[in-house]
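# Structure assessment
These are the residues of each chain, in order.
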Amino acid sequence: MTTNSASARYSGLGKEGKGAITTRSGVLSDQPYGFGTRFEGQPGTNPEELIAAAHAACFTMATSFALAKAGFSDGTLDTQCTITLDSADGGFAVTKSALTLKASVPGISAEDFAKLADEAKAGCPISKLLNCEITLEKSLEG
């Protein structure tokens with residue numbers, strides 16, 4: 001259906017190495033990443049932050065489409081995603097993606113909202129890609 005791409009370059013090795021990430025669209029262009037941006041809070045990005053952005057965006061869009069398909073035409077969805085990177089088997093593994101959705105959808109019941117959001121969580125392509133626990137907290141405002 002669609003393909004997208006990005007590239008990463010790493011100069012030097014280990015903690016002293018420095019990387020840069022570029023996306024096909026140009027949204028990221030030589031964005032710095034490395035040990036410092038991943039583990040020490042230095043400016044730049046890291047793989048887990050990018051996964052969090054991708055999961056939040058994908059899930060939110062999936063929820064939006066599910067709501068539209070169910071007949072709703074207005075609303076606001078705001079999703080936060082937190083990715084957990086843990087030590088595992090002598091290395092690291094992404095062990096959890098925690099989604100938190102705050103929404104305002106006029107006319108929807110809490111039960112219908114929860115059902116549609118849960119289905120979107122299970123069906124979004126990034127959820128399907130991740131091999132970790134995926135949680136969803138949801139609140140309906142208004």
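Residues numbered from 1 in each chain as written. Predicted model: local features only at pLDDT ≥ 70, side-chain atom pairs only at ≥ 80, totals over all residues. Heavy atoms only, no water.

### Examining the nonpolar core
So the rule is basically this: As used in this record, nonpolar core signifies buried Ala, Val, Leu, Ile, Met, Phe, Trp, Tyr and Cys residues forming a set joined through side-chain atoms within 4.5 Å. Relative accessibility decides the category of a residue: with a 1.4 Å probe and only protein chains considered, values under 20% of the type maximum give buried, values over 50% give exposed, and everything between is partly exposed. By the criteria applied, helices consist of DSSP H or I runs no shorter than four residues and strands consist of E runs no shorter than two, each listed in order from the N terminus. What makes two residues a contact is simply this: any of their non-hydrogen atoms within 4.5 Å.
Ranked by size, the top nonpolar core spans 22 residues in total, and within it Phe59, Cys81, Leu99, Leu101, Ile108 and Leu136 carry the most contacts. Sort the elements by how many residues they give to this core and helix H2 (residues 47-69) lands first, with six residues. Ignoring anything within four residues of it in the chain, the contact list for Ile108 reads Leu67, Phe72, Phe113, Leu116 and Leu140.

### Overview of unusual backbone geometry
In the Ramachandran plot, Asp30 falls in the positive-phi region, its phi being about 50° despite a non-glycine side chain. Along the chain, Asp30 falls in the loop between strand E2 (18-23) and strand E3 (31-33). Note on Asp30: relative accessible area 44%, which makes it partly exposed. Here Asp89, not a glycine, exhibits a phi torsion of approximately 50°, which is positive. One can find Asp89 in the loop between strand E4 (76-88) and strand E5 (91-104).

### Topic: the packing of aromatic side chains
Inclusion rule: A pair of Phe, Tyr and Trp rings is counted when the ring centres sit within 6.5 Å of each other, with Trp represented by its six-membered ring. The angle between the planes then sorts it: under 30 degrees is stacked, over 60 is edge-to-face, the rest tilted.
For the structure on display, the rule yields three aromatic pairs. Here Phe35 and Phe39 contribute two aromatic rings whose centre-to-centre distance is 5.0 Å and whose plane-to-plane angle is 45°, an arrangement assigned as tilted. Taken together, the residues span about one helical turn, with Phe35 and Phe39 both in helix H1 (residues 35-39) at a distance of four residues. Centre to centre, the rings of Phe39 and Phe92 are 5.4 Å apart; their planes meet at 40°, and the pair counts as tilted. Residue Phe39 is found in helix H1, and its partner Phe92 is found in strand E5; the two are separated by 53 residues along the sequence. With relative accessibility at 36%, the residue Phe39 sits in the partly exposed group. Put simply, the rings of Phe35, Phe39 and Phe92 touch in pairs and so form one group of aromatic residues.

### Some thoughts on the pattern of salt bridges
Where we set the bar: For this document, the term salt bridge refers to a Lys or Arg side-chain nitrogen within 4 Å of an Asp or Glu carboxyl oxygen.
For the structure shown, the criterion picks out four salt bridges. A salt bridge links Asp30 to Arg9, with the shortest nitrogen-to-oxygen separation between them at 3.4 Å. Here Arg9 lies in strand E1 (residues 6-11) and Asp30 lies in the loop between E2 and E3, a separation of 21 residues in the sequence. Accessibility expressed as a relative area gives 46% for Arg9, which makes it partly exposed. Between Glu48 and Arg38 there is a salt bridge whose closest N-O contact spans 2.5 Å. Here Glu48, found in helix H2, pairs with Arg38, found in helix H1; they are 10 residues apart in sequence, far enough to count as distant. For Arg38, a relative accessible area of 36% gives the class partly exposed.

### Things to note about the domain arrangement of the chain
By convention, interface size is frequently given as the accessible area that disappears when the constituent parts associate. Defined as follows: Marked domain ranges trace back to an automatic or database domain assignment. Here the buried area means the combined drop in accessible surface, using a 1.4 Å probe, for two parts upon being joined, counting both sides. Polar contact is defined as a pair of N or O atoms within 3.5 Å, subject to the rule that within protein one atom must be able to donate a hydrogen and the other to accept it, and that residues adjacent in sequence are counted only when both atoms are side-chain atoms. All amino acids are sorted into three groups, where Ala, Val, Leu, Ile, Met, Phe, Trp, Tyr, Cys and Pro are nonpolar, Asp, Glu, Lys and Arg are charged, and the leftover types, Gly among them, are polar.
If you check the domain split of the chain, you get domain 1 (6-40) and domain 2 (47-140). Each of domain 1 and domain 2 has a C-alpha centre, and these two points are 26 Å apart. Taken together, the five residues of domain 1 in the interface contact five residues of domain 2. Between domain 1 and domain 2, the buried area comes to about 390 Å², and carbon and sulfur atoms account for 78% of it. There are one salt bridge connecting domain 1 and domain 2. Taken together, the connections running from domain 1 to domain 2 amount to one residue pair in polar contact (both at pLDDT 80 or more). Broken down by class, the residue content of the side of domain 1 that touches domain 2 amounts to four nonpolar, no polar and one charged.

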